[in-house]
Amino acid sequence: MCGPALLPALIVASTATTAAGQLQGAAYASQMARYRSQVADQNKARAREAAMDEVAAGQDQHRQLGREVAARIGAQEARMAANNTDISFGSAARAIDDTKLIGREDSDALSRNIEQRVRGYQTDMWNYESERRASIAEGKQAKTAGMFSVASTVLGGATQYAGFKASAKGA
């Protein structure tokens, strides 16, 4: 095996190597947590952009629906006028009112669908923000835990070295 003179050096080297490994592990864990935080932040930005795109697309869909309803009403009025039907009362007025009502219902349904999709993107943003914050905390905790591990290793090595020294003096 090794001589008693070499044992203190091995204790110190082992302690230093273990402590260095623990520091490296803590640094790596912290870097990975920081990376996950950055990815979550990018995902949050993409979800925000998607929500804004959804709102813009919804506005376009509402405009298009309004045009379609207006075209239907216009076509109804033109057909009725061609038949010399007064559109201000009776069944002709009710038919136009029904077309307007159906248009409003379609518009309301479209609004609810858009709102649900936007709410989904908002939920994604909140989740990504939570993930980002958790990753930041995890990175800080990894550094702290690494420092405690290093301290424990150094204290354990010092205790082992002191025990060797005490046994060497007693021999």
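The preceding data block contains the structure.
Source: prediction; values computed, not measured.

**Quick notes on unusual backbone geometry**
Positive phi outside glycine occurs at Asn84, with the angle close to 60°. The topology assignment puts Asn84 in the loop between α1 (6-82) and α2 (90-170). Assessed through its relative accessible area of 75%, Asn84 is described here as exposed.

**Re the pattern of salt bridges**
In the structure shown here, the tally under the stated rule is eight salt bridges. With its nearest N and O atoms 2.9 Å apart, the salt bridge here joins Glu129 to Lys44. Remark: Lys44 occurs in helix α1 and Glu129 occurs in helix α2; sequence separation between them is 85 residues. For Lys44, a relative accessible area of 18% gives the class buried. When salt bridges that share partners are traced, they join Lys44, Glu129, Arg132 and Arg133 into one network.

What counts and how
- Per chain, residue numbering runs from 1 following the sequence as it is written.
- Owing to the predicted nature of the model, reporting of local features is limited to residues with pLDDT of at least 70; listing and counting of side-chain atom pairs is limited to 80 or more, with chain, interface and lining totals taken over all residues.
- As a convention, hydrogens and water are excluded, and side-chain values are obtained from all of the structure's heavy atoms.
- Each helix corresponds to a stretch of at least 4 residues labelled H or I by DSSP, and each strand to a stretch of at least 2 residues labelled E; elements are numbered beginning at the N terminus.
- Working definition: with a 1.4 Å probe on protein chains only, accessible area under 20% of the residue-type maximum means buried, over 50% means exposed, and in between means partly exposed.
- We count a salt bridge whenever a side-chain nitrogen from Lys or Arg sits within 4 Å of a carboxyl oxygen from Asp or Glu.

So, to be careful, I would describe these as geometric facts and stop short of saying anything about function.
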